[in-house]
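Chain residues, written in single-letter form:
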Amino acid sequence: AAAQGSPLRGGAAPARPDWSWLPLARHRHCLVVIDGADGVAAAAAAEASALSVVLGEVFAHTEGVHVVVTSRQALGRQAAELPVKAVGVPVGPLQPVDAARIFIRRASRSITAAELSRLVADGAPPAGQAPGQSGQQGLIERLADHALVRRCGGHPRRLLAAAAEVTHDVADLADLL
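So, about the side chain of Arg109. Turning to its location among the elements, Arg109 is positioned in the loop between helix 4 (96-106) and helix 5 (113-117). You can call Arg109 buried: its relative accessible area is 12%. Within the structure, Arg109 has its side chain in polar contact with the backbone oxygen of Thr167 (distance 3.1 Å). If near-sequence neighbours (up to four positions away) are discounted, Arg109 is found in contact with Glu115, Val166, Thr167, His168, Val170, Ala171, Asp172 and Leu173.

Structure below.
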């Protein structure tokens, strides 16, 4: 089935969830991802079983569906209300090179090697990088050592927010420090 928007959104919930994708999944083996269930958990104070309702609908109308729910916080007592077993899997921060890859993909403009050289340990290559290494991998490794990426601590949301600041109006990454 084609990817569809989630019937749940962080913040204000829609008046009626969009279940148009549900018939497409009825007899298929597929994975449904509910990303950012924090919004559901926050709304749970007003509507105690929001996630349970969503999962109940999915499982009532499908046969071979697996569900992954992501949340920055444990679901807590809400997990007991779910129609399935909830398993918490803590996920640590991203490794520096992976963080740099996300950052560079989400920046609104190109980031130059010269820009990074001015800010990474007086132009010295990062640990494990041979002097003079260039190309995309060299740039990513230099960016992984950049203070702007390091201060995000490997947290994807912080990286996305920092990358959003890298626009054509910002002449140099140093201006963001």
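The next thing to look at is helix 4. For helix 4, the complete set of buried residues consists of Ala99, Ala100 and Phe103. In an axial view of helix 4, the angular spread of the buried residues amounts to 100°, which keeps them on one side of the axis.

When pLDDT is averaged along the chain, the result is 73; 70% of the residues meet or exceed 70. The weakest mean pLDDT in the chain belongs to helix 2 (residues 38-43) at 58; the strongest belongs to helix 4 at 90. Counting contacts from residues 1-15, a segment whose pLDDT is below 50, to residues more than four positions away or on other chains yields 16 contacts. Within the model, the stretch residues 121-127 combines pLDDT values under 50 with 11 contacts to residues more than four positions away or in other chains.

Counting 18 residues, the largest nonpolar core has Phe103, Ile111, Leu143, Val166 and Leu173 as the members making the most contacts within it. Listed in part, the 12 residues of the second largest apolar core include Trp21, Leu22, Val32 and Leu75.

The next subject is helix 8 (residues 156-164). Among the residues making up helix 8, those that are buried are Leu159, Ala162 and Ala163. For helix 8, the arc enclosing every buried residue in end-on projection is 100°, short of the 170-degree limit, so these residues lie on one face.

Further remarks concern the packing of helix 4 against helix 8. Contact geometry of helix 4 with helix 8 gives a least axis separation of 8 Å together with a crossing angle of 35°. The element helix 4 and its partner helix 8 pack so that their crossing is right-handed. Residues Ala99, Ile102, Phe103 and Arg106 of helix 4 form the contact with helix 8, whose own contacting residues are Leu159, Leu160, Ala162 and Ala163.

Criteria and thresholds
Residues numbered from 1 in each chain as written. Predicted model: local features only at pLDDT ≥ 70, side-chain atom pairs only at ≥ 80, totals over all residues. Heavy atoms only, no water. Helix = DSSP H or I, 4+ residues; strand = E, 2+ residues; numbered from the N terminus. Buried < 20%, exposed > 50% of the residue type's maximum accessible area, 1.4 Å probe, protein only. Polar contact = N/O pair within 3.5 Å; in protein donor to acceptor, adjacent residues only side chain to side chain. Contact = heavy atoms within 4.5 Å. Arc of directions from axis to C-beta. pLDDT = per-residue confidence, 0-100. Core = buried A, V, L, I, M, F, W, Y, C linked by side-chain atoms within 4.5 Å. Axes fitted to C-alpha atoms, helices over the stretch in contact; angles between N-to-C directions. Left-handed = near helix turned anticlockwise from the far one by under 90°.

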